[in-house]
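Commentary on secondary and tertiary structure
Now for the letters of each chain:
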Amino acid sequence: MTSAAIRREPAFGPRTARVGLYAFLVVSAVFFLLPLLLVIMNSLKPMEEIRQGNLLALPINPNFDAWVSAWQSACTGLECAGIRPGLWNSIKITVPSVVISTLAGALNGYALAQWKSRHANMIMLLVTVGLFVPYQAMLYPTVKILSNVGLFRTYLGIVFVHVIYGLPYTTLLFRNFYVGVPDEISRAARMEGASFLRTFWSIILPISTNILVVVAILQFTGIWNDYLLGLIFAGNDNLPMTVQLTNIVSNARGAANPNVNMAAALITAIPTLVVYFLSGRYFVRGIAAGAVKG
Amino acid sequence: MSSISVRRIKKSFAALTILHSVDMEIEKGEFVVILGPSGCGKSTLLNVIAGLEECDEGQIVIEGKDVSGLEPSERGLAMVFQSYALFPAMTVRRNLSFGMEIAGTPKATVAEKVAWVAKLLQIEALLDRKPGQLSGGQRQRVAIGRALVRSSSICLFDEPLSNLDAKLRAETRVELKQLHETLGSTMIYVTHDQIEAMTMADRVAVMHKGKVEQFAHPQSVYEKPASLFVAGFVGSPAMNFLEGNLDGLGRFVTGDVSIDTSAYAFEGPPLAREAVLGVRCENISIVERGTPQTIPAMLAFTELLGADALAWFDCLGKRFSVRLGVEAARSMRKEVGLRFDMAKASLFSVASERRL
């Protein structure tokens, strides 16, 4: 066989493959962004343009009136103060829930990764089962338990529910991360006289930045976007944004205002987008720190 | 009084027994190497001494005090790990001072001790770096430093050099030995590398399947291995073995050949039994074929090693290595006889695998 026969050109050159790849990515991006684009466009239209029924047309006279109305004057049931009160409710529910469920998951995960016995595997299995049981199946028992201890439809109650429902997930993620951290580090800390909690706090947490950020983002998006638990457990004074958004959209009084609805939906989505953009920088930093860790 | 006494230590994981009643007395200031193949229980033994693993039975006594129930940090010893196990998010300085910080040592003392150890190991320039910014050799030094800051009297090493390249390993070996002489501390060092064991140890404990097969000076481990396993494990190339019988009349008989064993120092009465004769490659001389008391051999190939050479022979269905000069190796005939230096040979019982 000649060398020419061996060094045959591949059927697709690397350049062709690249072009195909980019084409595919662009098409996918357009496909997923198109609905978002429509929502943004229509939130900028005044009602007259909406009434013409041309959903796909660009706004002729773009303005933020619908956004302002969604923010401070749209009706959520009887009150007409817009979605603004919900923002604060969402923040005060989400932040403690994320912090507690992430840190508790980290501690759980570290303990389960350290504890090498059949019991630990059994517990991990049970935790994982918790992941696969749908929320809906657990709602009624949770309602019963919380009303028995007087936490049903209270602020503490909704935070508690988010933490408990989040724990299986955060525990699993952290446990899988900590299984990859060499045992010898914990053993060395033990030789130095550090207790379990001290080791976790001083040595393990500082090397967990990447996974902390990832888990916190996943928890943040999950809890911020939650509707069902907020509706059931938060109580009227603490209804999160998502619930108020639904109330605006499904408000039976007066004419429907699609532009206001869309603006309200966008306002509700802004915090998660902000978190993604900020954390994107964090991710890069985390990766760079990992590179020197060796 | 011994520095460390290991008394009848037993340890098993589920059905698997890792340590079968290990006993060891380690003198103050001694450098003891625990040598063995992987899976022989040597690291487990070290962890039991350190207190990182609990034993099922037995006692660890350190400087006269039974520490079996104590936490590792309360046993007054320090440990260097195979992967160094430095704390990644802390600077070298904090790595060194972390233990003292936990113990509540006054700041001035901490600074003093860190400065002392940094000077001793020449890592002063690295104190404000993170472990990730250090080379393997530097990390190794920091790990040793962290151990010395903790306890300069007893130090445990778990294969500390196995992650270094060959050149660095040789250098660090020498430095560690010097450090031991400077500090006069008791050191227990686990390795599977017999060169480390031979060069560093005051005494070597050779372990096999959870038992200490021999605990002696490295040279006597090499010259007078206590068991068939030690004979085969220590030394490169491995010892040559020949199976046969002791006839009880002062001869070792194998096939048609009988060898006079009067030069051999038996440890007990030389009763008739099945035995294995072991000879190191440097204790065999090459003679004319047919000389009495020799074994006929056929040359397979020779290896020139620079300083000397190894000749490999087929004899009595086995492969034998003989160390000889380069010139002699070049002019080697095909068919020769091998004469064993019985004063330096070893005889083992087939039944017990122990030295006779």
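Remember, it's a predicted structure, so these values are computed and weren't measured experimentally.

1. A short note on the domain arrangement of chain B
Residues and elements named next belong to chain B. When the domains of chain B are assigned, the result is domain 1 (4-231) and domain 2 (240-349). The C-alpha-based centres of domain 1 and domain 2 are spaced at 39 Å. Contact with domain 1, which involves 8 residues of that partner, is made by 7 residues of domain 2. Summed over both sides, the interface between domain 1 and domain 2 buries roughly 660 Å², with carbon and sulfur atoms accounting for 54% of that surface. Three residues, Tyr222, Leu228 and Ala231, lead the burial of domain 1 against domain 2; their summed loss comes to 70% of the area buried on that side. Taken together, domain 1 and domain 2 are joined by 0 salt bridges.

2. Here's the deal with the sheet that holds strand β16 (residues 295-304) of chain B
Residue and element names in this part refer to chain B. With antiparallel pairing, the 5 strands of this open sheet are ordered in space as β15-β19-β16-β17-β18. The open sheet has two edge strands, β15 (284-287) and β18 (318-324), and neither has a second partner. Ignoring which end each strand starts from, the neighbouring axes of this sheet average 45° apart. Note that β15 and strand β19 (residues 335-340) share 4 bridges and pair antiparallel.

3. Some words on the interface of chain A and chain B
Contacts between the two partners involve 18 residues from chain A, matched on the other side by 32 residues from chain B. Summed over both partners, the interface of chain A with chain B buries about 2100 Å², with 61% contributed by carbon and sulfur atoms. Taken as a group, Arg190, Met191 and Glu192 of chain A account for 38% of the area that chain A buries against chain B, more than any other trio of residues on that side. Where chain A meets chain B, there are 3 salt bridges. Arg190 of chain A serves as the salt-bridge partner of Glu71 of chain B, at 3.1 Å between the closest nitrogen and oxygen.

4. Re the packing of aromatic side chains
Under the definition given, this model contains 18 aromatic pairs over all chains. Geometrically, the ring pair formed by Phe220 of chain A and Trp224 of chain A is stacked, given 5.5 Å between the ring centres and 15° between the ring planes. Of this pair, Phe220 of chain A and Trp224 of chain A are both found in helix α11 (residues 209-224), 4 residues apart, which corresponds to roughly one turn of the helix. Side by side, Phe220 of chain A and Trp224 of chain A carry an identical accessibility label, which is buried. A centroid spacing of 5.7 Å and a plane angle of 40° characterise the contact between Phe157 of chain B and Tyr189 of chain B, whose relative ring orientation is tilted. In this pair, Phe157 of chain B is assigned in strand β7 (residues 154-158) and Tyr189 of chain B in strand β8 (residues 186-191), connecting sequence segments 32 residues apart. Each residue in the set Tyr110, Phe174, Phe177, Tyr178, Phe196 and Phe200 of chain A is aromatic and connected to the rest through ring pairs, giving one cluster. Against the face of Phe215 of chain B rests Arg203 of chain B, its NZ or CZ located 4.0 Å from the ring centre.

5. As for the sheet that holds strand β1 (residues 4-13) of chain B
Residue and element names in this part refer to chain B. Judged by pairing direction, the sheet is antiparallel, and its 4 strands sit side by side in the order β2-β1-β4-β5 without closing on themselves. Only two strands of the sheet have a single neighbouring strand rather than two, namely β2 (16-26) and β5 (65-66). Where β1 lies against strand β4 (residues 57-62), 5 bridges are found, and the strand directions are antiparallel. Among the inter-strand pairings, Ser5 is bridged to a residue of β4, identified as Val61.

6. Examining the pairing of β4 of chain B
Along any regular strand, the residues point their side chains to alternate faces of the sheet. Residue and element names in this part refer to chain B. Pairing analysis gives 2 bridges linking β4 to β5, with the strands arranged antiparallel. For Ile62, the partnering residue across the bridge sits in β5 and is Lys65. Here β4 folds back onto β5, and the loop between the two strands holds 2 residues, one of which, Glu63, carries a positive phi near 45°.

7. Remarks on the state of the cysteines
By the definition in use, this model includes 1 disulfide over all chains. A sulfur-sulfur distance of 1.7 Å marks the disulfide that ties Cys75 of chain A to Cys80 of chain A. The chirality of the disulfide connecting Cys75 of chain A with Cys80 of chain A is right-handed, given an S-S dihedral of about 100°. With no disulfide of its own, Cys40 of chain B has Cys55 of chain B as its nearest cysteine by sulfur position, at a separation of 17 Å.

8. Overview of helix α10 (residues 196-204) of chain A
By the burial criterion, the buried members of α10 of chain A are Thr199, Phe200, Ser202, Ile203 and Ile204 of chain A. Residues of α10 of chain A that are buried in the fold lie against α5 (84-114), α8 (155-179) and α9 (183-191) of chain A together with α2 (92-103) of chain B.

9. As for the UniProt feature "transmembrane region" (unreviewed entry) in chain A
Residue and element names in this part refer to chain A. Residues annotated by UniProt as "transmembrane region" (unreviewed entry) correspond here to residues 21-41, 93-111, 123-143, 155-178, 199-220 and 260-278. Within the segment residues 21-41, helix and strand shares are 100% and 0% respectively, and the terminal C-alpha atoms sit 29 Å apart. Counting secondary structure, residues 199-220 comes out at 82% helix and 0% strand; the distance between its end C-alpha atoms is 27 Å.

10. Examining the packing of α5 of chain A against α10 of chain A
Residues and elements named next belong to chain A. Orientation of α5 relative to α10, taken along the N-to-C sense of each, is 115°, at an axis distance of 11 Å. On the basis of the axis angle, α5 is roughly perpendicular to α10. The two elements α5 and α10 cross, and the hand of that crossing is right-handed. Residues Leu103, Ala106, Leu107, Tyr110 and Ala111 of α5 form the contact with α10, whose own contacting residues are Phe196, Leu197, Thr199, Phe200 and Ile204. Looking at the contact of α5 with α10 residue by residue, the classes come out as 9 nonpolar, 1 polar and no charged.

What counts, and at which threshold
Residues numbered from 1 in each chain as written. Chains lettered and ligands numbered in written order. Predicted model: local features only at pLDDT ≥ 70, side-chain atom pairs only at ≥ 80, totals over all residues. Heavy atoms only, no water. Domains from an automatic or database assignment. Contact = heavy atoms within 4.5 Å. Buried area = accessible area lost by both parts, 1.4 Å probe. Salt bridge = Lys/Arg side-chain N within 4 Å of Asp/Glu carboxyl O. Pairing = 2+ DSSP bridges. Helix = DSSP H or I, 4+ residues; strand = E, 2+ residues; numbered from the N terminus. Axes fitted to C-alpha atoms, helices over the stretch in contact; angles between N-to-C directions. Phe/Tyr/Trp six-rings, centres within 6.5 Å; stacked < 30°, edge-to-face > 60°. Buried < 20%, exposed > 50% of the residue type's maximum accessible area, 1.4 Å probe, protein only. Lys NZ or Arg CZ within 6 Å of the ring centre and 35° of its normal. Disulfide = S-S within 2.5 Å. UniProt positions renumbered as here; feature names shortened; annotations may be inferred. Parallel < 35°, antiparallel > 145°, perpendicular 65-115°, else oblique. Left-handed = near helix turned anticlockwise from the far one by under 90°. Nonpolar A, V, L, I, M, F, W, Y, C, P; charged D, E, K, R; others polar.

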